[in-house]
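Secondary and tertiary structure notes
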Amino acid sequence: MPLDEYDKIAHLLRRAGFTAHPDEVETATARGLQATVEDLLNFEKFPDVPPDPELLAALDLSQDDFNRMRGDFLTKLTRWWLHAMATTARPLQEKMVLFWHGLFATSITGLEFWQQIYLQNENFRGNFDPDTGRLLRPAPGNPFPVGNFRRMLEYLSKDPAMLYWLDNQFNVKKNSEVGSNENYARELHELFSMGVEDVVARVPNYTERDIRQASRALTGWRVLPRAVGFTFPRVFSFDAQRHDFGPYEHLGKRGGTNADFIFDNIVRHRNPGQKQSAVGRFLGYRLFTFFGYEDPEPEIINALADVFDGAHGEEPFNIRNMLRTIFTPGNIVSEAFYSERAFRARVKSPTEYVVSLMRLLTFDRTTGRPDGLSRSSTAMRLIQNAMIQMGQQLFAPPDVSGWREGLAWITTTSVLARFNFANDVLSLGVAQGGIDLARLIAQAGLQEAMQQNRYGEVVDILARWLWPAPPSTEAREALIAYLQAPIPNVSPSALVTTKIRGLIHLMLAAPDFQLC
């Protein structure tokens with residue numbers, strides 16, 4: 001059965017953001033699907049998430065002082081980003097920061113200066129200028145998170161964390177065939193822009209020699225070890241003495257004196273006989289898999305690649321245009337996005353699981369906004385440890401290829417970790433950073449319904465709040481039976497809270513909440 005307008009908007013809010021609280025869906029439905037799409041895409045008109053003063057202060061510490069607290073820094077950084085995702089008025093911006101973190105996977109485990117991973121997070125948000133090392137909100141010219149991909153490759157290649165993570169910091173002129181380090185040049189092609197082979201034609205996108213020649217063009221791209229006013233390396237520097245000025249032979253073209261030649265070749269590269277660029281297909285595949293469903297059809301990939309290439313007069317290489325095509329009704333791509341196949345088809349990552357849980361359960365209906373994550377050290381440790389057990393520690397992907405997603409998130413261990421996390425958060429006192437169940441019960445109208453034994457209504461309210469679709473008859477009956485069952489040694493005054501806490505836990509542990 002095709003999705004109706006309400007379901008399409010709820011689906012859009014979950015995928016382009018993190019949740020679809022009924023109040024948010026009602027507000028968006030009143031505006032209409034098209035207006036909601038434009039609000040999500042043009043997020044700059046809404047306030048950005050403010051930086052954390054403690055994180056900013058840590059950037060000014062001497063390296064010795066920072067090293068003494070860097071584990072605490074990672075915990076606070078993780079909490080801040082999760083809180084940003086849970087409370088932002090720009091959900092698509094934060095969703096794209098998460099997308100780029102997974103695609104351009106960089107880990108603190110390979111960095112001497114952990115502060116650089118915070119700068120990268122802000123770079124992906126559009127708030128970092130690598131040429132000056134400064135945080136600005138926004139940074140003029142920064143193309144992230146939804147701008148020109150050709151420019152993104154430049155900003156990525158200047159990113160301090162990336163330059164250290166993949167060793168281009170140490171890449172210097174060697175000979176006419178290769179630079180001294182090709183690690184970054186390899187991943188730039190293999191993982192960050194086009195992939196080993198064309199995702200539709202299944203033909204090789206580049207040769208080993210293309211990698212070696214690209215490494216020549218990237219020599220001398222480094223971070224200043226010291227820059228006035230900063231306590232760690234964060235300012236990009238082009239060192240002409242270390243640079244090989246070419247010309248280069250790359251992807252069938254000869255010329256260039258710098259990496260600009262490589263970036264231009266990458267985004268324009270088409271394999272023989274192919275109408276779409278390799279990068280357009282790569283990004284079309286990755287974006288639709290992230291927002292829609294796995295293994296999208298070739299026609300979906302090609303349609304998005306056409307948008308990337310500017311085949312119909314669009315600005316080429318523009319990520320926002322690709323997202324607009326996915327979300328705006330009336331084309332082959334959006335028909336797939338709003339299809340039954342896409343509905344409830346994605347397994348939430350641990351990050352999406354935690355954020356959706358906190359965003360929904362801390363939602364204040366009087367303000368229309370979630371409270372997000374507490375600064376409580378107890379809550380912060382709980383969340384940090386739980387995400388590690390679930391299989392996704394932010395800022396520490398398993399390797400440069402990022403996390404395996406989809407059903408790979410679901411294992412015996414990770415499912416138990418999700419179950420335990422939901423229970424721990426619901427059991428935590430409000431003062432310790434737990435959920436304000438009393439407010440939730442009052443705002444959802446559950447107290448009176450429970451006292452009048454309207455258990456089916458209670459289940460329906462919370463299912464509409466927490467699940468993407470109504471429960472099956474069997475699931476609904478099982479949840480009602482739970483509410484009806486007596487609980488020994490619980491006072492009448494505590495019964496409603498105890499029952500609602502248990503019901504929410506069951507619903508958060510159910511398969512329905514794992515999907516979006």
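Now for a look at the structure at hand. (Residues numbered from 1 in each chain as written. Predicted model: local features only at pLDDT ≥ 70, side-chain atom pairs only at ≥ 80, totals over all residues. Heavy atoms only, no water.)

Section: a nonpolar patch on the surface
Side chains of Leu407, Ile410 and Val415 sit close together on the surface and give an oily, nonpolar patch of about 270 Å² of accessible area. One can find Leu407 in the loop between helix H19 (377-390) and helix H20 (412-427). Residue Leu407 is classed as exposed on the basis of its relative accessible area of 67%. (Patch = residues over 30% accessible without salt bridge, like charges linked within 9 Å, V, L, I, M, F, W, Y side chains within 5 Å. Areas by Shrake-Rupley, 256 points an atom, 1.4 Å probe, with all protein chains shown as cover. Salt bridge = Lys/Arg side-chain N within 4 Å of Asp/Glu carboxyl O. Helix = DSSP H or I, 4+ residues; strand = E, 2+ residues; numbered from the N terminus. Buried < 20%, exposed > 50% of the residue type's maximum accessible area, 1.4 Å probe, protein only.)

Let's talk about helix H3 (residues 33-41)
Turning to H3, its buried residues are Leu33, Thr36, Val37, Asp39, Leu40 and Leu41. Where H3 is buried, its residues meet helix H1 (5-16), helix H2 (22-31), helix H7 (91-103) and helix H16 (319-327). (Contact = heavy atoms within 4.5 Å.)

What about the packing of helix H14 (residues 278-291) against H16?
Taken N-terminus to C-terminus, the directions of H14 and H16 make an angle of 50°; their axes are 11 Å apart at the nearest point. Considered as vectors, H14 and H16 are oriented oblique to each other. As H14 runs across H16, the sense of the crossing is right-handed. On H16, the residues touching Gly280, Leu283, Gly284, Leu287, Phe288 and Phe291 of H14 are Ile319, Met322, Leu323, Ile326 and Phe327. When its residues are assigned to classes, the contact of H14 with H16 shows nine nonpolar, two polar and no charged. (Axes fitted to C-alpha atoms, helices over the stretch in contact; angles between N-to-C directions. Parallel < 35°, antiparallel > 145°, perpendicular 65-115°, else oblique. Left-handed = near helix turned anticlockwise from the far one by under 90°. Nonpolar A, V, L, I, M, F, W, Y, C, P; charged D, E, K, R; others polar.)

So, the pattern of salt bridges
Between side chains of opposite charge, pairing is possible as soon as their charged atoms come close. In this structure the tally under the stated criterion is 44 salt bridges. Residues Lys76 and Glu54 are paired through a salt bridge, measuring 2.5 Å at the closest nitrogen-oxygen approach. Linking Lys76 in helix H6 (residues 70-87) with Glu54 in helix H4 (residues 53-58), this pair joins segments that are 22 residues apart in sequence. Between Lys76 and Asp72 there is a salt bridge, with its nearest N and O atoms 3.3 Å apart. Note that Lys76 and Asp72 are positioned in helix H6 at a spacing of four residues, about one turn of the helix. Judged by its relative accessible area of 22%, Lys76 falls in the partly exposed class. The exposure class assigned to Asp72 is partly exposed, which follows from its relative accessible area of 38%. Within this structure, Asp131, Arg150, Arg151, Glu154, Lys158, Asp260, Asp264 and Arg268 form a network of salt bridges that share partners.

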